[in-house]
Amino acid sequence: MVGHIAWISRLLCTLLLAASEGPGPDEPTIPRQIEEQIRIFEAWDRENTPPAGAVLFVGDDDVDRWPTRVYFAQHAVINRGLAGASAAVLPRCVERLVTPYAPRVIAYAAGGRDVAEGRDPQAVCGDVAAFIKRVRVVTPRVPIVLLAIKPTPGSRAEHESSRRRTNELLAAMSERDAALYFVDTSIVLLDPQGRCIASLYNAESGWLNETGYRLWSLLLAPTLHRGLQTGPETGGATASPTGAAVSSDFEYVASKSSKTFHKSTCSAARRITEANLLRFPSREAAVRGGRKPCKLCNP
Ligand SMILES: [Zn+2]
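Residues numbered from 1 in each chain as written. Predicted model: local features only at pLDDT ≥ 70, side-chain atom pairs only at ≥ 80, totals over all residues.

Q: What exactly am I supposed to notice about the sheet that holds strand E8 (residues 277–280) here?
A: Paired through their backbone hydrogen bonds, the strands of a sheet run either parallel or antiparallel. The strand order across the open sheet built from four strands is E8-E6-E7-E9, with neighbouring strands paired in mixed fashion. Of all the strands in the sheet, the pair left with one neighbour each is E8 and strand E9 (292–293). When strand E6 (residues 252–255) meets strand E7 (residues 260–263), the two strands line up antiparallel, connected through three bridges. In the strand pairing of E7, Tyr252 is matched with Lys263. (Pairing = 2+ DSSP bridges. Helix = DSSP H or I, 4+ residues; strand = E, 2+ residues; numbered from the N terminus.)

Here it is, written out as C-alpha cells:
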C-alpha cells in the first residue's frame, strides 16, 4: 500500500513537472480551434516580417472580421483576432499573440462570447485583467485600449444587462490605470430605445457590417492616437503637443439622458458629466442615434 502511494506521488510529480513546462498546472490548454489559428499566424510571421512598434488588434471574432488595415491604413497594423475566442482564453495566448510583436499600442475586443454564455461580469473582467497583467510583464507601459463588448441583435435580456455591467466594470478598470483606455463603441450601435440599429449589422449573421465597422473605427481612432503618443516608443508620458491636437475629443456630444446633441464647445455640453457623456464621430452619427441638434450651439 505504501509503495503504491509512493508510486502515485511520483507519478503526480512527473505530471506536474511536465505541466510546468507548458501552461501552469491550473491552466487549461488552448482549445484546438484557437490553437490552429495561432499556428497560422506563427507560420505567417516566419515567412514575413511583422512590423515593429505596430498597432496590435487582438481579440475575438469582432477583431478577426474587422478590416483594420483598411480603416487604420495610416498605421502599421497587426490583426490577431481569433474566431471563437473568449476573454477567458486570451490571457493564455499572450506569449504567442502579443509578446512577439512588441506593439506600441494594443486594441483589445473580447468578452461577447463569455457574456452570451452567461458568465458573470466580474469573471469576464477578471479575464481581461489577467490578459493585461500578462502583457505588462513584458511590456509594462504599453497602452491598451479596451473596446466595449458590443450589443448583439436579438440577445436575451439577462445577457444584455450582463453585457452592460461588464462594460461598466471595464470602464471603471480603465480609470484606475493611466495606460488603460476604454472606448464605449457599443453606444453608437443602439437607438434611443436601446435596440440594435439594424443598418449597422449583417442581417443574417448578426456581425457588424461595413458601416458598423466604419463607425467603430471612427470612434476608436482618437483614443488610438492618444495611445500612440504615450506608448513606450515615444518615451512614456511625454506626449508631444501634436498628440493632444490629434486626440482632441469628438466634435459632437450628447448626454445619455437627453435627446439633444451639441458641439463639444457648447456651454450645455460642458455641463454633462463624463459618466453621462456620449461622443459621436460625426453629426450624421448623432442624428442616426435619434438625437436632435441643440438650439443654442446649432451643431
Ligand atoms: Zn448645445
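Q: Honestly, the nonpolar core in this entry has me stumped. Any pointers?
A: Side chains that are nonpolar tend, in soluble globular proteins, to be buried together. In terms of nonpolar packing, the biggest core is built from 67 residues, with Ile106, Ala107, Tyr108, Ile144, Val145, Leu146 and Leu147 touching the most fellow members. Both domain 1 (29–248) and domain 2 (250–299) contribute no fewer than three residues apiece to this core. (Core = buried A, V, L, I, M, F, W, Y, C linked by C-beta atoms within 7 Å. Buried ≥ 20, exposed ≤ 12 C-beta atoms within 10 Å, placed from the backbone. Domains from an automatic or database assignment.)

Q: I'm lost on the sheet that holds strand E5 (residues 180–183) in this one. Help?
A: Spatially, the five strands line up as an open sheet ordered E2-E1-E3-E4-E5, and their pairing is parallel. Edge positions in the open sheet fall to strand E2 (77–81) and E5, since each of these has one partner strand only. Put simply, the sheet's adjacent strands are angled 20° from each other on average, direction ignored. For strand E1 (residues 55–59) and E2, the ladder comprises five bridges, and the chain directions are parallel. (Axes fitted to C-alpha atoms, helices over the stretch in contact; angles between N-to-C directions.)

Q: Help me understand helix H7 (residues 121–138), please; the structure alone is not making it clear to me.
A: Because the α-helix completes a turn every 3.6 residues, residues three or four places apart line up on one side. Taking 1.5 Å per residue as the helical rise, H7 with its 18 residues ought to reach 26 Å, and the 27 Å between its terminal C-alpha atoms agrees with that figure. If you check which residues of H7 are buried, you get Pro121, Val124, Cys125, Asp127, Val128, Phe131, Ile132 and Val135. Viewed along the axis of H7, the buried residues span an arc of 155°, placing them on a single side of the element. With respect to the buried face of H7, the exposed residues turned more than 90 degrees away are Gln122, Ala123, Lys133 and Val137. Here the buried face of H7 lies against helix H5 (94–97), strand E3 (105–109), helix H6 (112–116), strand E4 (144–147), helix H8 (157–175) and E5. (Expected span 1.5 Å × (residues − 1). Arc of directions from axis to C-beta. Contact = placed C-beta atoms within 7 Å.)

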